[in-house]
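Here's the letter readout for the chains.
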Amino acid sequence: MTAKRIKALPIRRTYSGTVKAARNSSLGFERTGRVVRVLVDEGTMVQRGDILAELDTRRVDARHQELQANYRAESARLEELRNGPRPEVVQASRAAVSELESRLQIAELDHQRNSELLPKLSISQAAYDTGLFQWKAAQSRLEEARQQLAELDAGTRHEQVKAQEARLEQLAAMLDDVQVERDDSQLTAPFDGCIAVRDVDEGTVVAPGAALFQLVESGSLEAWIGVPPSIVTHVRQNQRVSLQVENQVLQGEFQAVLPELDSQTRTQMVVFSLPKEDGIHAVPGQVVRAEIQQPVPIDGFLLPIQALTQGRLGLWSVFVVQSVDQQWVIQRRDVELLHTEGELVVVRGMLEEAEQVVADGVHRLAEGQIVTTHVNHQP
């Protein structure tokens, strides 16, 4: 084979990690209350929206009914304001004004007569004062009745309608709040998965936010692999990486890199998604291994390991075929072993670029031996 110098060697390394569920949530109620029903147990498979448990809603229901009744009453009041006064009420107000006008005329005539009789001492001062008071009182009552009639003719004031509409909006918001509280009385699954932990039974009074269930997503698994920071860039470039879970070899797709180093292993966590295919058996917690290719800078020659032979003074050598006097002669080249990768080695030393290296069978050859060459091949 022809010796060719390389500047970098793609080295495959295996790193270990853990299979994790893409989503793993601790679930609990957002309000306090007494649990009246628990519908799942550990190991139960659930779908998104399935009810897991329920709280007692009697107080919430009673408050909801009360608010609904108030809303209906205030809605009727708003409709009344928008429709304005009824014709019967306006007609009655007009009749009242007419009656008061008649009474005012009578009171005014009585006052005029009293004014004529008082100088003649035909009536007492007290009778005169009483008549005067009745005349002025009749004027006041008539003015008040005319103002009420004017308000009825003008209809309901715009400000009153707006105030009543605001009251209805307030009640609607309170009803929405109670509805949210009723919805929060049912704990539902946020995604498809399996109940891993159940920490509640009927009759328990729970606090807001207390973890009652552990839900592990089914079908979406990830591999979390710790790798040295120096090869994170190469992982991103590869995108897809060969993953091994027990005896299964899967193709993982790059998802993300966590920004911080692990304080114990001093590695950076890389996340790969596992394929969603039938026949793949993996569960959270299993050990997963990733084979990642990393180009390592190196200056030397890549040869098969069979090309090495024991040299002088404990060194390594390779045999090359050199043309001497129109004959092919075996010559030795002392080399230094830089790296071993499976059945391949990287060496440097007395070997030169483009020299013809004996790739195999060196144990049958000796330095200075004359040979015949046939087919060139690469490792």
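Residues numbered from 1 in each chain as written. Predicted model: local features only at pLDDT ≥ 70, side-chain atom pairs only at ≥ 80, totals over all residues. Heavy atoms only, no water.

K.L.:
What is the right way to read the packing of aromatic side chains from this model?
P.N.:
What describes a pair of aromatic rings is the distance from one ring centre to the other and the angle between the planes of the rings. The tally for this structure, following the rule as stated, stands at one aromatic pair. Aromatic pair Phe254 and Phe272: ring centres 6.4 Å apart, planes at 75 degrees, arrangement edge-to-face. Highlighted residues: Phe254 in strand β12 (residues 248-261) and Phe272 in strand β13 (residues 268-273), separated in sequence by 18 residues. By relative accessible area, Phe254 is classed as buried at 14%. The exposure class of Phe272 is buried, given its relative accessible area of 0%. Of note, Lys20 hangs over the ring of Trp224, and the distance from its end group to the ring centre comes to 4.2 Å. (Phe/Tyr/Trp six-rings, centres within 6.5 Å; stacked < 30°, edge-to-face > 60°. Helix = DSSP H or I, 4+ residues; strand = E, 2+ residues; numbered from the N terminus. Buried < 20%, exposed > 50% of the residue type's maximum accessible area, 1.4 Å probe, protein only. Lys NZ or Arg CZ within 6 Å of the ring centre and 35° of its normal.)

K.L.:
Which parts of the structure should I look at to understand the pairing of strand β11 (residues 240-245)?
P.N.:
Side-chain direction in a regular strand flips from residue to residue, so the side chains alternate between the two faces of the sheet. Going residue by residue along β11, you find Val241, Leu243 and Val245 tucked away on one face and Arg240, Ser242 and Gln244 left uncovered on the opposite face. Relative to β12, β11 is paired through six bridges, and the arrangement is antiparallel. Bridged to Leu243 within β12 is Leu250. In this antiparallel pair of consecutive strands, β11 and β12, the connection spans two residues, and Glu246 shows a positive phi of 55 degrees. Sheet topology places β11 next to strand β14 (residues 287-304); four bridges connect them, and they run antiparallel. Residue pairing for β14: Ser242 is matched across the bridge by Glu291. (Pairing = 2+ DSSP bridges.)

K.L.:
Honestly, helix α1 (residues 58-83) in this entry has me stumped. Any pointers?
P.N.:
What sets the pattern is the α-helix's 3.6 residues per turn: residues three or four places apart point alike. Between the first and last C-alpha of α1 there are 38 Å, a value that for 26 residues agrees with the 38 Å anticipated at 1.5 Å per step. The elements touched by buried residues of α1 are α4 (158-183). (Expected span 1.5 Å × (residues − 1). Contact = heavy atoms within 4.5 Å.)

K.L.:
Quick question: what am I supposed to make of the sheet that holds strand β2 (residues 24-27) here?
P.N.:
Sheets are built from strands that pair by backbone hydrogen bonding, the pairs being arranged parallel or antiparallel. Read from one edge of the open sheet, four strands run β2-β9-β7-β4, paired in antiparallel fashion. The open sheet has two free edges, formed respectively by β2 and β4 (45-46), since each of these has just one partner strand. With four bridges connecting them, β2 and strand β9 (residues 213-217) associate as antiparallel partners. Opposite Ser26, over in β9, you have Gln214 as the bridge partner.

K.L.:
Sorry if this is basic, but what is going on with α4 here?
P.N.:
Helix length check: α4, at 26 residues, gives a terminal C-alpha distance of 37 Å against a target of 38 Å (1.5 Å per residue), a fit within 8%. Of all the residues in α4, the buried ones are Val161, Gln164, Leu168, Leu171, Leu175 and Val178. In this structure, the buried residues of α4 make contact with α1.

K.L.:
Where do I start with unusual backbone geometry in this structure?
P.N.:
As a rule of thumb, non-glycine residues mostly have phi less than zero, and peptide bonds are mostly trans rather than cis. For Asp325, which is not a glycine, the phi torsion comes out positive at approximately 55 degrees. One can find Asp325 in the loop between β16 (316-324) and β17 (327-341). One non-glycine residue, Gln326, adopts positive backbone phi at about 60 degrees. Tracing the backbone through its elements, the reader meets Gln326 in the loop between β16 and β17.

K.L.:
Any chance you could explain the nonpolar core here in plain terms?
P.N.:
Generally speaking, a soluble globular protein has its nonpolar side chains buried in company with each other. If you look at the biggest cluster of nonpolar residues, it comprises 22 residues, and the most contacted ones within it are Ile225, Val227, Leu243, Phe272, Leu274 and Ile292. Sorting the residues of this core by element identifies β1 (5-21), β10 (221-227), α5 (232-238), β11, β12, β13 and β14 as the ones contributing at least two each. Not counting chain neighbours up to four residues away, the residues in contact with Phe272 comprise Leu221, Glu222, Ala223, Ile225, Val235, Val241, Leu243, Gly252, Glu253, Phe254 and Gln255. Within the second largest apolar cluster, 18 residues are counted, among which are Val38, Val40, Val46 and Val200. (Core = buried A, V, L, I, M, F, W, Y, C linked by side-chain atoms within 4.5 Å.)

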